[in-house]
There are 2 protein chains.
Amino acid sequence: MAQTQTFSKNQQIVLDIIEKAKGPLKAYSILFNVQKKGINAPQQIYRALDKLIEAGKIHKIESKNAFVACKNSNCEVSKATAFSICESCEIVDEISDTKLSKYLSKFNHKKGMKFRRFNLEFFGLCKKCKTK
Amino acid sequence: MAQTQTFSKNQQIVLDIIEKAKGPLKAYSILFNVQKKGINAPQQIYRALDKLIEAGKIHKIESKNAFVACKNSNCEVSKATAFSICESCEIVDEISDTKLSKYLSKFNHKKGMKFRRFNLEFFGLCKKCKTK
DNA sequence: ATAACAAACGTTATATTATAACACTATGAT
DNA sequence: ATCATAGTGTTATAATATAACGTTTGTTAT
């Protein structure tokens, strides 16, 4: 049961923008897009991003320093993320593959580490770009 | 058969530093460490890093913007990387698990993407930090 | 209702990470 | 020898992210 979380004004503004976007957004591009709404400083963006990530509403694509909305409505806290990234058109898709996710969540390091979360990024060519 | 590659002066300096290090190094910390050797500008570091990554001698830990030496002597080009990262002491280990690597290399996205490489980062507590 | 606390806000400044652009130098192949 | 390629050195600047400070708002406990 996805408990609906309520966000503050800035958090909601940032979330809206990310959810409307077709692809990952960078922090400063978010900033430029919300200046009309009275947000003027990077801090305000980064603070909102932090909270949204914590809440599992968005994810950071580490290899791109960019942020996408979470597409798994049930992934309240993002402890297991996987993405496919096209190296040509840069399209990013969140992968929700139960098997993969289970496989990785169960993975145990030989050296006795206890994992809390993981992030996986696949790079390649998407269907469209493959045939070009 | 690991064909030995030869590196330029700067590339070798940077590689040496990274290989000697106990953990991931940041680009600017590398820079500060090699100023006595006549390297003065970030560009010189980043250029060397690029080549070393291409050659598979080092990897970038995306979540930390830091660089580690490759521990799989056979991983000439880094197309399949996995790391464990302790969230407490920040220690990073390259995971070389054939099963995991095969599993992920075979993974195919529903949407028909062809993957060329992946990077996986696990976060948690290492053995030492767990018991603290 | 109000005191107390935590969370969010706004702002200025600055730190950190990374690339652009340009001129020069070494190396290796034909 | 000349041509292409990779590497170098340098200055400048872009892009990403955090520190620090004081204020405001929202929640909860009494």
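Note that the coordinates shown come from a computational prediction; the quantities given were computed from them, not determined experimentally.

### Remarks on the protein's contact with DNA strand D
- Around DNA strand D, the structure places 17 residues, and the nearest of them are Lys26(A), Gln43(A), Lys60(A), Gln44(B) and Arg47(B).
- Considering DNA strand D, the proportion of its atoms within 4 Å of the protein that are sugar or phosphate atoms stands at 45%.
- The side chain of Asn10(B) places a nitrogen or oxygen atom 2.9 Å from a phosphate oxygen of DNA strand D.
- A distance of 2.7 Å separates a phosphate oxygen of DNA strand D from a polar atom in the side chain of Asn40(B).
- Elements with a minimum of two residues in the surface near DNA strand D: α3 (42–54) of chain A together with α1 (9–20) and α3 (42–54) of chain B.
- Residue composition of the surface near DNA strand D, by class: three nonpolar, eight polar and six charged.

### Topic: the packing of helix α1 (residues 9–20) of chain A against helix α2 (residues 27–34) of chain A
Residue and element names in this part refer to chain A.
- At their nearest, the axes of α1 and α2 sit 11 Å apart, and the two run at 110° to each other. The orientation of α1 with respect to α2, classified from their angle, is roughly perpendicular. Side by side, α1 and α2 meet where Ile13, Val14, Ile17 and Ile18 of the first sit next to Ile30, Asn33 and Val34 of the second.
- Grouping the constituent residues of the contact of α1 with α2 by class yields six nonpolar, one polar and no charged.

### Some thoughts on the relation of the copies chain A and chain B
- Between the two copies, chain A and chain B, the superposition gives an RMSD of 0.0 Å; the rotation angle is 180° and the shift along the axis is 0.0 Å. Both chain copies can therefore be described as sitting about a two-fold axis. Residues of chain A ranked by C-alpha distance from the rotation axis are headed by Leu120(A), positioned 2.1 Å from it.

### Description of the pairing of strand β1 (residues 58–61) of chain B
Residue and element names in this part refer to chain B.
- Bridge count between β1 and strand β2 (residues 66–69): four bridges; the pairing is antiparallel. Within the sheet, the bridge partner assigned to isoleucine 58 lies in β2 and is alanine 69.
- From the end of β1 to the start of β2, which pair antiparallel, there are four residues, and asparagine 65 there has a positive phi angle of about 45°.

The rules we used
- Within each chain, residues carry numbers counting from 1 in the order of the written sequence.
- The lettering of chains begins at A and the numbering of ligands begins at 1, in the order of writing.
- Whole-chain, interface and lining totals are the exception, using all residues; otherwise, since this is a predicted model, local features are given only for residues with pLDDT of at least 70 and side-chain atom pairs are given and counted only at 80 or more.
- Just so you know, side-chain values use all the structure's heavy atoms and leave hydrogens and water out.
- We call a residue near a molecule or strand when any one of its heavy atoms sits within 4 Å of it.
- Contacts described as polar in this section are N or O atom pairs within 3.5 Å, which, within protein, must combine one atom able to donate a hydrogen with one able to accept it, while residues neighboring in sequence count only if both atoms come from side chains.
- Here a helix means four or more residues in a row that DSSP labels H or I, a strand means two or more in a row labelled E, and each is numbered from the N terminus.
- Throughout, the ten residues Ala, Val, Leu, Ile, Met, Phe, Trp, Tyr, Cys and Pro are labelled nonpolar, Asp, Glu, Lys and Arg are labelled charged, and all others, Gly among them, are labelled polar.
- What counts as an axis is a line fitted to C-alpha atoms, over the stretch in contact for a helix, and the angles between N-to-C directions run from 0 to 180 degrees.
- Reported orientations rely on four angle classes, namely roughly parallel under 35 degrees, roughly antiparallel over 145, roughly perpendicular from 65 to 115, and oblique for the rest.
- Contacts are residue-level and defined by heavy atoms, with any inter-residue pair within 4.5 Å sufficient.
- Copy-to-copy superposition: least squares on the C-alpha atoms, limited to residues that have pLDDT of at least 70 in both copies.
- Pairing between strands is defined by DSSP: at least two bridges between the two strands are required.

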